[in-house]
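What follows is each chain in one-letter form.
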Amino acid sequence: MAAVVDYQDNGLSRQEVLHKYNIRSNSQLTDWVIRYNSGKLLAPKGAGKRVRKMGRKVSYDEKIKIVQWALDHDSDYQVTAKEFDVSYNRVYDWVRKYQATGNWEVLKDRRGKKPRPKGDALTREEQLEEENRQLKAKVRRLEVERAFAKKLREIRNREVDDPQNTKPFRN
């Protein structure tokens, strides 16, 4: 807004305003002047869009500590969130989950693949199922590679101008 006021009221030239306020584009200043004159640019805005801060990773033990602290302080989620540098919503969700079940296990993060036991921990049947799964994946990958190579040969042979003068592409 100060740039527009300097441009319109204080008599600075467009180039002086661009340089003074480090505005990169002439069109940006023009847009601000139009919005200011139409009453839509009333107060200075922040430096662009607000970017949502990503929450930090919180371990299972830390979640228990946070929930206990919140419950000891009369479920004051706002103070708890500031104390532990997490969001209000996360504290609220963790406390609500714990109160609903009375079990700390609900605070564990169960996303992602479960680790598979390796080697001796697997029964013979499980080993065969795992090998079968791996072989099916390999067969599928080879089928896709073969289909891709076939399609590539077809495309390259289509691009040949005179089929009598040139051998077809072979892989």
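Residues numbered from 1 in each chain as written. Predicted model: local features only at pLDDT ≥ 70, side-chain atom pairs only at ≥ 80, totals over all residues. Heavy atoms only, no water.

S.K.: Whenever I open this one, helix H3 (residues 26-37) confuses me. Can you help?
M.R.: The α-helix winds at 3.6 residues per turn, so residues separated by three or four positions along the chain end up facing the same way. If you check H3, its first and last C-alpha atoms are 17 Å apart, about what 12 residues at 1.5 Å a residue would give, namely 16 Å. Downstream of H3 by a residue or two, Gly39 has a phi angle that is positive, lying close to 85°. (Helix = DSSP H or I, 4+ residues; strand = E, 2+ residues; numbered from the N terminus. Expected span 1.5 Å × (residues − 1).)

S.K.: How do you make sense of the packing of helix H4 (residues 60-72) against helix H6 (residues 88-101) when you look at a structure like this?
M.R.: Each pair of packed helices can be summarised by the angle the axes make with each other and by the distance between the axes. Here H4 crosses H6 at 85°, and the two axes come no closer than 10 Å. On the basis of the axis angle, H4 is roughly perpendicular to H6. Each of Lys63, Ile66, Val67, Ala70 and Leu71 in H4 lies in contact with H6, whose residues at this interface are Val91, Trp94, Val95, Tyr98 and Gln99. A class-by-class count of the residues in the contact of H4 with H6 yields eight nonpolar, one polar and one charged. (Axes fitted to C-alpha atoms, helices over the stretch in contact; angles between N-to-C directions. Parallel < 35°, antiparallel > 145°, perpendicular 65-115°, else oblique. Contact = heavy atoms within 4.5 Å. Nonpolar A, V, L, I, M, F, W, Y, C, P; charged D, E, K, R; others polar.)

S.K.: Would you explain the packing of helix H5 (residues 77-84) against H6 in this entry?
M.R.: The interhelical angle for the contact between H5 and H6, taken along N-to-C directions, is 115°, at an axis separation of 8 Å. The angle between H5 and H6 falls in the class roughly perpendicular. Judged by the twist between their axes, the crossing of H5 over H6 is right-handed. Counted together, Tyr77, Gln78, Thr80 and Ala81 of H5 and Tyr88, Val91, Tyr92 and Val95 of H6 form the full contact between these two elements. For the contact of H5 with H6, a count of residues per class yields six nonpolar, two polar and no charged. (Left-handed = near helix turned anticlockwise from the far one by under 90°.)

S.K.: Is there a simple way to explain the packing of aromatic side chains in this structure?
M.R.: One pair of aromatic rings is described through two measures. These are the centre distance and the angle between the planes. Tallying each qualifying case throughout the model produces four aromatic pairs. An angle of 85° between the planes, with centres 5.3 Å apart, marks the rings of Tyr77 and Tyr92 as edge-to-face. In this pair, Tyr77 sits in helix H5 while Tyr92 sits in helix H6, placing the two residues 15 residues apart along the sequence. Its relative accessible area of 14% is what places Tyr77 among the buried residues. Put simply, the rings of Tyr77, Tyr88 and Tyr92 pair up and form one aromatic cluster. A cation over a ring is seen here: Lys108 above Tyr60, with NZ or CZ 5.1 Å from the ring centre. (Phe/Tyr/Trp six-rings, centres within 6.5 Å; stacked < 30°, edge-to-face > 60°. Buried < 20%, exposed > 50% of the residue type's maximum accessible area, 1.4 Å probe, protein only. Lys NZ or Arg CZ within 6 Å of the ring centre and 35° of its normal.)

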